[in-house]
Amino acid sequence: MCARIKCLALDHDDTVVMSSPDIHYPSFVEAMRLLRPERAGMGFDEFIACSCAPGIQALLTNVLCLNAEELRVQQDIWRKYTRTRTPAAYPGFAALFASFRARGGRVSVISHSEREVILRHYRELFGFEPDLVFGWEQPEARRKPHPWPLEETLRVLGLRPEEALLVDDLSPGLAMAAACGVPSAYAGWSHTAPAVGKAVRPLADRAFDSVAELAAFLEEN
């Protein structure tokens, strides 16, 4: 890579923090125990695979056939988890951020999670707030895989595409990076990897199987 990496454009859930094992999956199991007891035994890998294809909304509405009132109950349970729990960070990110930011590196979070949740996690886990956060509060056309949040990151920070690195565990972020000409890396350490890694890994320019591998790459680039 010719240019030094000046910005990490990071997914949040299951890339930086363990959202699925700590929040999404246990909240789903709690909701299923109430709404669809026969599906409460869905294993974690099956939940991840179904959340990716056909997608969590399709899983809830088309596969599990939750009606409007049941969806409201499911959302209330999920929000109870997101508002009261902070998922663990993947080991190594605190040191990576400290080193990268000490060198002048910037952090942009591009996620399908909510902005205020992301900010709380960063404050509690890492002691700082990202330079930019683009979350679910954005209109649909400004959420990944649409290129707008990554284009806006480059514009606001005054960077060329090759000066950023997009890191994600799923395909929407990697597709966004490809559309913007930004180098991408697959987060192979993610808890989603056993279920979807074989399909997602080839979509990235490179792959790292640990946060330490990503940190070492940033030190060299």
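Heads up: the structure comes first, above all this text.
Residues numbered from 1 in each chain as written. Predicted model: local features only at pLDDT ≥ 70, side-chain atom pairs only at ≥ 80, totals over all residues. Heavy atoms only, no water.

Draft legend 1. Spotlight on empty space enclosed by the protein. Within the structure shown, the criterion is met by one cavity of 30 Å³ or more. Taken as a whole, the largest cavity encloses approximately 60 Å³ of empty space. Among the secondary structure elements, those contributing two or more residues to the lining of the largest cavity are α1 (19-35), α3 (68-84) and α5 (115-126). For the lining of the largest cavity, the leading source of residues is α1, giving three residues. Its residues placed into classes, the lining of the largest cavity shows four nonpolar, five polar and one charged. (1 Å grid on protein atoms, 1.4 Å probe; cavity = no way out; pocket = protein on both sides within 12 Å on 5 of 7 lines; lining within 4 Å. Points joined across faces, edges and corners; volume = space filled by probe spheres on them. Helix = DSSP H or I, 4+ residues; strand = E, 2+ residues; numbered from the N terminus. Nonpolar A, V, L, I, M, F, W, Y, C, P; charged D, E, K, R; others polar.)

Draft legend 2. Spotlight on the sheet that holds strand β4 (residues 164-168). Judged by pairing direction, the sheet is parallel, and its six strands sit side by side in the order β3-β2-β1-β4-β5-β6 without closing on themselves. Both outer strands of the open sheet, β3 (132-134) and β6 (206-208), are each paired with one neighbouring strand and no more. Across the sheet, the mean angle separating the axes of adjacent strands is 20° when strand polarity is ignored. Each of β1 (7-10), β2 (106-110), β3 and β4 is contacted by helix α6 (residues 148-157), which is oriented at about 165° to β3, the strand it contacts most. On the sheet, helix α7 (residues 171-180) packs against β2, β4 and β5 (184-187) and is oriented at approximately 160° with respect to β4. (Pairing = 2+ DSSP bridges. Axes fitted to C-alpha atoms, helices over the stretch in contact; angles between N-to-C directions. Contact = heavy atoms within 4.5 Å.)

Draft legend 3. How the structure looks around the nonpolar core. Counting residues in hydrophobic clusters, the biggest one holds 43 residues, and the most contacted among them are F28, L150 and V182. Among the elements that make up this core, the one with the highest residue count is α1 (seven residues). The residues touching L150, leaving out its near neighbours within four places in the chain, are A9, I110, M176, A177, C180 and V182. Judged by nonpolar contacts, the second largest core, of 29 residues, contains F128, V133, L165 and L218. (Core = buried A, V, L, I, M, F, W, Y, C linked by side-chain atoms within 4.5 Å. Buried < 20%, exposed > 50% of the residue type's maximum accessible area, 1.4 Å probe, protein only.)

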